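Given next are the chains, with one letter for each unit.
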Amino acid sequence: IKKYSLTSDNIIVFLKSSKMKELIKEGNINYLKVIPKLFDREVFLRIQSECVLGMYGDSHCDCEVQKKEFINLLNDRDGIFIHIPQEAQGWGLFYKCKELEIQVNGRNPDGEFIGKMNRDDAQRYLIKNDEFEDKRSYELIFNILKDLKLDKKEYVVYTESEKKINNLISCGLNAIKYSKFIEENITSENASEYLIKILNETHKYSKRIIDSLCDIVKERKYNERTLNTLIDIV
């Protein structure tokens, strides 16, 4: 848990394959022998970091939307969905609540108004870091797939994050980015999350996403934390 900045010891791995029925017959089953045969060379993969608030409708991120879209994608494709308890980039749920309180209402944990901040500035205030720190490591993903004898496959990873892809490759996984099916629901509430990823150069977005962000700015529909992030980018 400490090594990989997990916030609990529960990791969930879902495997969906059209070959499942033919490989699993009546009688006893050795799953570790069956699993390596479930997929051809190319496998769709979604790594979902836990987001409890997103699951309950928090509008400040799009991870829940992407989770549902990938699960829907598995209706027509074979793939793997891995849920990892790395809440708030590995800082935990309590930290996330404190961070959002600063982002949304501008109040610190003592209830004092300190001004609304974007994600990175809120972390600097709470953790006293000079730079935003994402504590997540994807070495764990490689180890899981290796234990399942699936580490030699080619993975098409359902993500927008260049950083995640590079991290997986550095861990030894053959991975490429696949964001074609990701539906971008950009609103005035979550615009700052997209902007902060642009500022940190962790994501590369399409022209359509950039145009949507520009429309929010042009129409002045942004909130204070979005404006602060936009100023940082400028």
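Residues numbered from 1 in each chain as written. Predicted model: local features only at pLDDT ≥ 70, side-chain atom pairs only at ≥ 80, totals over all residues. Heavy atoms only, no water.

**Section: the pattern of salt bridges**
Close approach of charged atoms allows side chains of opposite charge to pair.
Thought 1: On inspection of all chains with the given rule, the structure shows 13 salt bridges.
Thought 2: Of the charged contacts, one joins Asp78 and Lys16 as a salt bridge, the two residues approaching to 3.9 Å between their closest N and O atoms. Of this pair, Asp78 sits in the loop between helix H4 (63–73) and strand E3 (79–84) while Lys16 sits in strand E1 (residues 12–16), and the two are 62 residues apart along the sequence.
Thought 3: In this structure Asp78 comes out as partly exposed when scored by relative accessible area, which is 24%.
Thought 4: Salt-bridge contacts for Arg124 lead to Asp121; the nearest nitrogen and oxygen are separated by 2.5 Å. A residue pair is termed a helical-turn pair when its members lie 3 or 4 positions apart in one helix, as Arg124 and Asp121 do in helix H7 (residues 119–127) at three residues. (Salt bridge = Lys/Arg side-chain N within 4 Å of Asp/Glu carboxyl O. Helix = DSSP H or I, 4+ residues; strand = E, 2+ residues; numbered from the N terminus. Buried < 20%, exposed > 50% of the residue type's maximum accessible area, 1.4 Å probe, protein only.)

**Considering the packing of helix H10 (residues 191–199) against helix H12 (residues 224–233)**
Thought 1: Look at H10 against H12: their axes get within 9 Å of each other, and the N-to-C directions meet at 20°. One element, H10, and the other, H12, form an angle in the roughly parallel class. Where H10 crosses over H12, the handedness of that crossing is left-handed. The residues of H12 that touch H10, namely those facing Ala191, Ser192, Leu195, Ile196, Ile198 and Leu199, are Arg225, Thr226, Thr229, Asp232 and Ile233.
Thought 2: For the contact of H10 with H12, the per-class residue count stands at six nonpolar, three polar and two charged. (Axes fitted to C-alpha atoms, helices over the stretch in contact; angles between N-to-C directions. Parallel < 35°, antiparallel > 145°, perpendicular 65-115°, else oblique. Left-handed = near helix turned anticlockwise from the far one by under 90°. Contact = heavy atoms within 4.5 Å. Nonpolar A, V, L, I, M, F, W, Y, C, P; charged D, E, K, R; others polar.)

**Topic: unusual backbone geometry**
Thought 1: Even without a glycine there, the phi angle at Ser5 is positive, about 55°.
Thought 2: With respect to the secondary-structure elements, Ser5 resides in the segment before E1.
Thought 3: Among the residues examined, Ser5 registers a relative accessible area of 12% and is labelled buried.
Thought 4: You will see that Ala88, though not glycine, has its phi angle at about 55°, which is positive.
Thought 5: Along the polypeptide, Ala88 turns up in helix H5 (residues 87–90).
Thought 6: Looking at Ala88, the relative accessible area reads 6%, which means it is buried.

**Let's talk about the packing of H10 against helix H11 (residues 207–218)**
Thought 1: In the contact formed by H10 and H11, the axes pass within 11 Å of each other and the chain directions differ by 120°. Taken as axis vectors, H10 and H11 run oblique relative to one another. Considering how the two elements wind past one another, H10 and H11 form a crossing that is left-handed. On the side of H10, the interface is formed by Ala191, Tyr194, Leu195 and Ile198, while H11 contributes Ile209, Ile210, Leu213 and Ile216.
Thought 2: Of the residues belonging to the contact of H10 with H11, the class tally is eight nonpolar, no polar and no charged.

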